[in-house]
Amino acid sequence: MGLLDVILGRSKPVKPDLDQLFGLPSAAVTLEAAAGFRPTGLGSVCFAAVEGGAFAEVQQDVRALLDMDTAEGGAPVESSRDAYGYTWLLLRHAPDDLTSLVTDLHAVNSGLESQGFGPQLLCSLAGFRDADGRPLALVYLYKRGAFYPFAPRPGEGEKRDNALELQIKAMIGNDLRVEEDLSRWFPVWGAPGL
């Protein structure tokens, strides 16, 4: 970063650190103890699909890798597109097996990244619910290398529980790198796995 970047207010982008995903099990223990939120076993990865054979082949390879455990009763990966044209891969595991979910989320991200498609990665999320059924997602922003909580208000349309999100931020700060810029806490309405 040069002097001109400092003067113009530009900062060096944070390098993604996919190993941050492995902090989720620790954060899950904190969430359950402090707020009663338990993992749902659902997680997803969002990326911007690219036209072309190379990207389609990488995506197919990642899905084949993740679907290998379906013979032992594992759930197949589900793919969908949202209203903005982004592709979501939904992963399902037992709620008490967050470690396997995190391993699969990491595999999808690192598989795309290792083939040169890291710039297409947007976010990954892991879903949680409390005893009252309130949803919560811990969202990992690939390009920022940090997490943020997303807590939609059930039955209230596209409204968020900002107070809960700030409480969760304070709770998980020792377990995960949390995105400090609140303007980057983008809503992920209708995200698979939430």
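Heads up: these notes are all about the structure in this document. (Residues numbered from 1 in each chain as written. Predicted model: local features only at pLDDT ≥ 70, side-chain atom pairs only at ≥ 80, totals over all residues. Heavy atoms only, no water.)

An order of S2-S3-S1-S4-S5-S6 is seen for the 6 strands of this open sheet, with the pairing classed as antiparallel. The two strands at the open ends of the sheet, each matched to only one other strand, are strand S2 (78–81) and strand S6 (146–150). On average, each strand axis in the sheet is inclined to that of its neighbour by 25°, with strand direction left out of account. Note: strand S1 (residues 38–47) against strand S3 (residues 87–92), 6 bridges, orientation antiparallel. Each residue of the ladder has a partner; that of Leu42, found in S3, is Arg92. (Pairing = 2+ DSSP bridges. Helix = DSSP H or I, 4+ residues; strand = E, 2+ residues; numbered from the N terminus. Axes fitted to C-alpha atoms, helices over the stretch in contact; angles between N-to-C directions.)

A few words on the packing of helix H2 (residues 24–35) against helix H5 (residues 162–172). Interhelical geometry of H2 versus H5 gives an angle of 125° and a closest axis separation of 10 Å. As the angle between them shows, H2 and H5 are arranged oblique. The two elements H2 and H5 meet at a crossing, and its hand is right-handed. On H5, the residues that touch Ala27, Thr30, Leu31, Ala34 and Ala35 of H2 are Ile168, Met171 and Ile172. Taken together, the residues of the contact of H2 with H5 sort by class into 7 nonpolar, 1 polar and no charged. (Parallel < 35°, antiparallel > 145°, perpendicular 65-115°, else oblique. Left-handed = near helix turned anticlockwise from the far one by under 90°. Contact = heavy atoms within 4.5 Å. Nonpolar A, V, L, I, M, F, W, Y, C, P; charged D, E, K, R; others polar.)

All right, on to the packing of aromatic side chains then. Counted under the stated rule, the structure contains 3 aromatic pairs. Taking 5.1 Å as the distance between ring centres and 75° as the angle between the ring planes, the aromatic pair formed by Phe150 and Trp189 counts as edge-to-face. Separated by 39 residues along the polypeptide, Phe150 in strand S6 and Trp189 in the segment after H5 bring together distant segments of the chain. (Phe/Tyr/Trp six-rings, centres within 6.5 Å; stacked < 30°, edge-to-face > 60°.)

The values are spatial; any link to function lies outside them.
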